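Structural overview for review
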Amino acid sequence: MDLDRNKPGAAPARRRYVTTRRLDRIFVELANVYRFNARFFKEMWFPPYEFKEIIKQCYEIGVRSLPLISLTGFIIGIVFTNQSRPSLADFGATSLLPALISVAIIRAIGPLVTALIAAGRVGSAIGAELGSMRVTEQIDAMEVSATNPFKFLVVSRVLASTLMIPALTMYTTLVSLLGGYLNVHQNELTSLSVFFYQVFDAITFLDIVASSVKSVIFGYTIGMVGCYKGYNSSKGTEGVGKAANSSVVTAMFLIFIEELLIMQVINAIRAF
Amino acid sequence: MSSADNKRTVIVGIFTFLAIVILVVGIFTLAGQQKRLIQTVTLTAIFDDVAGLRTGNNVWFSGVKVGTIKSINLYGDSQVEVVMNIEEKVQQFIRKNASARISSESFIGNKNIVIDGGTQSAAPVEDGDRIAAVSPLNTDDLMEKLQQNNENLVAITGDFKQLTSRLVKGEGTVGALLTDTTMAQDFRNMVDNLQRTSQSTVSASRSLSAFTNKLNSSDGLANQLVTDKEVFQQLKNSMTQLEEATASASEITENLRTATSQLNNSDGAVGVLLNDQQFARQLQSTMQNLETGTKKLDQNMEALQNNFLLRGFFRKQAKEQAKQQQNQPTQQTVQPKDSIEFKPSILRSN
């Protein structure tokens, strides 16, 4: 059969798959993702360190996202408090609103909302930027000019995202709690000190640690997905849009999956 | 590094710094609220059932949060040892005879431990002490009590139903009152009477009030009795005199009693006179003899007057008597003159 395939005019050889075409493609993609992540951790530790690029990306991801994320967090704090009130009012327990808001925002809403908004804004930006660089062969040009494009483009962005998303989560949590306070103060005339006393009374160190760890993982995911999709985008202008779009969708999906898994782990630790 | 890069770096630094500040402030606030940054002592208590108490729950003393639950361990056969971290500064207020009980922060809130009681006579607790534990009232017990209450309520409503049924049928006094028109009329009359009585009572109480007001007025007797010291002193004197008079009367009565007893005694002269019947008969006989003797003496005297030997003496005596009667008016006219010079000493000497 091998001899027949090499003969001129013979039909092209059919590619052989380990499982099916689709499944093989998924496993190949997973292997590529693994290699991409492994390369990141490998490149991260060795010089040269691209501090300037990391700072620039921190500014883009963190500082420039702050107004949008703060405003969103503030509104979510108000809305969540307002929507939770009737349920507690049925039990005559509106005084428990600060505790409820605290648990919901610090444990889940703060990190999750920050990550989702960052995935929309930062993930798409990274995917589009790296995708366009791949399309315009800037990455190839960097490779031939003895610059490590992975270190310069990917490591800097993933590190910046991993560092800035937790910082943004802190801001979002604080601003959301302030939004909640505003609503509680308007309706229940609760003072700021009493509100924050109840907020911290309802949470534990595990909640803060879990929230921080979650936001680090979310940040890493957003940066890594954006970079992977952009770095490996297919050629053509269509590839840029696809990279940006799939960066957002994949990052958001992974964030929810991670949220679910981390919640299970934290609950197991809490029960222990 | 260009100025734009420098500015960007500073902004990122500030951004990161502020995020870290938020995190650190949050951690320290939480640590302060959970009493993790202060000196603590450890107390333990053994419960039969901790009703869902968890590590990190609060410990309250007199309504103040003084610590947290450090650990919960099974102990003995089926008991639970709860280890509590208590603030060192409140150690002096918790006594060795204090007790711990499991409570709830609200009806649907977290469980916590409340430290109660303790007397001043007992010493303050020390690190590692074990205090008494009071079993909590669990939800099952509560529901059981509620069920008992429900059964009682059903019994009460059943009785009430019977009662109202009998009332409607006109059975019993109250039923008759509701249905019998005669009885209702009687009742109405009774109420009228009661009303009149109450009006009279009101009137009487008004009169009584006026009377007491008068009594309380400054010139009233009662007020003077209460306030006037002079009257009180007089009353006191009167009482003293009355007391003395009573004492004298008592003494007189005693004397009279003695005299009477002596009179009753037949040994004395008067007693014999009063009590001895034989002596009375003798005395009566003597008196009769005396009367007879007197009559006979009278006859003898008349006989003597008529006797010629003594007739002269009696005539002489009659003449002197007549003379004295004639002189008597002269003496009467002279007497006013003498009365001017009357002296008690002269009279006394005469």
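None of these values were measured; they are calculated from a predicted model.

Description of the overall build of chain B
A count of helical and extended segments in chain B gives 10 helices and 7 strands. Counting over 350 residues, chain B shows a buried share of 10%. Restricting the contact set of chain B to residue pairs at least 6 apart, pairs at least 24 apart contribute 53%.

Describing the UniProt feature "transmembrane region" (unreviewed entry) in chain A
Annotation from UniProt places "transmembrane region" (unreviewed entry) at residues 61-80, 100-119, 158-182, 202-228 and 248-269 of chain A. Across residues 158-182 of chain A, the secondary structure splits into 100% helix and 0% strand, with the terminal C-alpha atoms separated by 36 Å.

As for the interface of chain A and chain B
Chain A puts 20 residues into the contact, and the matching count from chain B is 17 residues. Contributing elements (two or more residues each) for the side of chain A that touches chain B: α3 (51-63), α7 (149-188), α8 (192-201) and α9 (205-231) of chain A. When residues of the side of chain A that touches chain B are assigned to their parent elements, the largest contribution, 7 residues, is made by α3 of chain A. For the side of chain A that touches chain B, the class distribution of residues is 15 nonpolar, 2 polar and 3 charged.

Here's the deal with the nonpolar core
Within the largest apolar cluster, 66 residues are counted, with the highest numbers of intra-cluster contacts made by Cys 58, Ala 115, Ala 119, Met 164, Tyr 171, Ile 222 and Cys 227 of chain A. Of all the secondary-structure elements, those providing two or more residues to this core are α3, α4 (66-90), α5 (97-135), α7, α8, α9 and α10 (237-271) of chain A together with α1 (3-33) of chain B. Of the residues forming this core, the biggest block, 19 residues, is contributed by α5 of chain A. Those residues in contact with Cys 58 of chain A that lie beyond four places of it in its chain are Ala 160, Leu 163 and Met 164 of chain A together with Val 12 of chain B. Among the nonpolar cores identified, the runner-up in size contains 23 residues, and Val 41, Phe 61, Ile 113 and Ile 131 of chain B belong to it.

Re the sheet that holds strand β6 (residues 111-116) of chain B
Residue and element names in this part refer to chain B. With respect to topology, 7 strands assemble into an open sheet ordered β1-β4-β3-β2-β6-β5-β7, the strand pairing being mixed. Strands with a single pairing partner mark the edges of an open sheet, and in this sheet they are β1 (40-47) and β7 (132-134). Pairwise comparison of adjacent strand axes, ignoring direction, gives a mean angle of 35° for this sheet. Relative to strand β4 (residues 79-87), strand β3 (residues 64-75) runs antiparallel, the two being bridged by 8 bridges.

Section: the pairing of β3 of chain B
Residues and elements named next belong to chain B. Sheet analysis places strand β2 (residues 58-61) next to β3, joined by 4 bridges and oriented antiparallel. Bridging across to β3, Phe 61 finds its partner in Val 64. Here β2 folds back onto β3, and the loop between the two strands holds 2 residues, one of which, Ser 62, carries a positive phi near 55°.

Overview of the environment of Ser 135 of chain B
Residues and elements named next belong to chain B. Within the element layout of this structure, Ser 135 appears in the loop between β7 and α2 (139-169). Assessed through the 12 C-beta atoms surrounding it within 10 Å, Ser 135 is described here as exposed. Separated by 34 residues in the primary sequence, Ser 135 and Arg 101 have C-alpha atoms spaced 6.4 Å apart. Ignoring anything within four residues of it in the chain, the contact list for Ser 135 reads Phe 47, Asp 48 and Asp 49.

Thresholds, definitions, all that
- Residues numbered from 1 in each chain as written.
- Chains lettered and ligands numbered in written order.
- Predicted model: local features only at pLDDT ≥ 70, side-chain atom pairs only at ≥ 80, totals over all residues.
- Helix = DSSP H or I, 4+ residues; strand = E, 2+ residues; numbered from the N terminus.
- Buried ≥ 20, exposed ≤ 12 C-beta atoms within 10 Å, placed from the backbone.
- Contact = placed C-beta atoms within 7 Å.
- UniProt positions renumbered as here; feature names shortened; annotations may be inferred.
- Nonpolar A, V, L, I, M, F, W, Y, C, P; charged D, E, K, R; others polar.
- Core = buried A, V, L, I, M, F, W, Y, C linked by C-beta atoms within 7 Å.
- Pairing = 2+ DSSP bridges.
- Axes fitted to C-alpha atoms, helices over the stretch in contact; angles between N-to-C directions.

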